[in-house]
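Each chain is listed here by its residues.
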Amino acid sequence: MARLMGNTWRRRLLATLAAATVMVGSASLLAAAEPTTHGAGRPGGTGDRDRALAAFERIRERQADAWFRQDGDAFAATFTADADVVTFNGDHLRTREGIATGMQYYFDSYIEPTRLHTVDEHVRFAGPNLAVIVRTSCQLVPSEPTCRQDSLSRNTNVMVKRHSRWAQESFQNTRVVELP
């Protein structure tokens, strides 16, 4: 019986040590992924950051142009091949091909010709090849210079850098609706 209890105790000790190792390792990974004010997790140097921000702006402009032209293929071209888009109504479009097909359906069936207008955005680098952009935008009817309240949305763009190029990996769009 003493021998059995000893083995049980050893197994529990090993399990506890293994769990502690996993927790410490996970905490280290999380800490390493969290950007700090000292630039950890950001592209190396101001020039890299500026180039990344310029790339994000070009992607946003290409996407806005495709939206205005109601071109699902051009809209989807701003995404990686295996990207995800969650639309304002909760549809989940998967892969660049699925995004192109889904967006063309929306353009043909629901979305009137409008221009996208950025109200504000926040860019956070989560690593040298990963950025998260939270953007507030609206749709502008061509004859109107200001956002309609019913067209405001907030979206989260996950940007990845692969083979020295930035592209969208994921896009989540949420309509801004004030609580009563």
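Above this note sits the structure.
Because the structure is a prediction, the values reported are computed rather than measured.

Asks: What is the right way to read the environment of Glu-61 from this model?
Replies: Mapped onto the elements, Glu-61 comes out in helix α2 (residues 45-69). Sequence separation between Glu-61 and Leu-116 is 55 residues, and the spatial gap between their C-alpha atoms is 9.3 Å.

Asks: Where do I start with the state of the cysteines in this structure?
Replies: One way to say it: the disulfide is the covalent bond shared by the sulfur atoms of two cysteines. Applying the stated criterion across every chain yields a total of one disulfide. Across the disulfide from Cys-138 sits Cys-147; the S-S distance is 2.0 Å. In this structure, the disulfide formed by Cys-138 and Cys-147 twists by about -65° around the S-S bond and is classed as left-handed. On the basis of relative accessible area, Cys-138 is assigned to the buried category, the value being 1%. Residue classification places Cys-147 among the partly exposed positions, given a relative accessible area of 24%.

Asks: Just checking my understanding: could you explain the sheet that holds strand β5 (residues 153-162) for this structure?
Replies: Strands pair in a sheet through their backbones, by hydrogen bonds, and they do so in one of two ways: parallel or antiparallel. Strand order across the open sheet formed by six strands is β2-β1-β6-β5-β4-β3, with mixed pairing between neighbours. Edge positions in the sheet fall to β2 (92-94) and β3 (115-127), since each of these pairs with one other strand and no more. Strand-to-strand twist of the sheet, defined as the mean angle between neighbouring strand axes without regard to direction, takes the value 15°. Taken strand by strand, α2 contacts β1 (79-86), β3, β4 (130-140), β5 and β6 (165-175), and its axis lies near 145° from that of β3. Against the sheet, helix α4 (residues 95-109) contacts β1 and β2, and its axis sits at roughly 45° relative to β1.

Asks: Explain unusual backbone geometry to me, please; I cannot follow it from the model alone.
Replies: It is generally the case that most residues other than glycine have a negative phi and that most peptide bonds are trans. One non-glycine residue with positive phi stands out, namely His-163, at about 50°. With respect to the helices and strands, the residue His-163 is situated in the loop between β5 and β6. Relative accessible area serves as the criterion here: at 78%, His-163 is assigned to the exposed category. Positive phi is not limited to glycine here, since Ser-164 has a value of about 70°. Within the fold, Ser-164 resides in the loop between β5 and β6.

Calculation criteria
- Residues numbered from 1 in each chain as written.
- Predicted model: local features only at pLDDT ≥ 70, side-chain atom pairs only at ≥ 80, totals over all residues.
- Heavy atoms only, no water.
- Helix = DSSP H or I, 4+ residues; strand = E, 2+ residues; numbered from the N terminus.
- Disulfide = S-S within 2.5 Å.
- Buried < 20%, exposed > 50% of the residue type's maximum accessible area, 1.4 Å probe, protein only.
- Pairing = 2+ DSSP bridges.
- Axes fitted to C-alpha atoms, helices over the stretch in contact; angles between N-to-C directions.
- Contact = heavy atoms within 4.5 Å.

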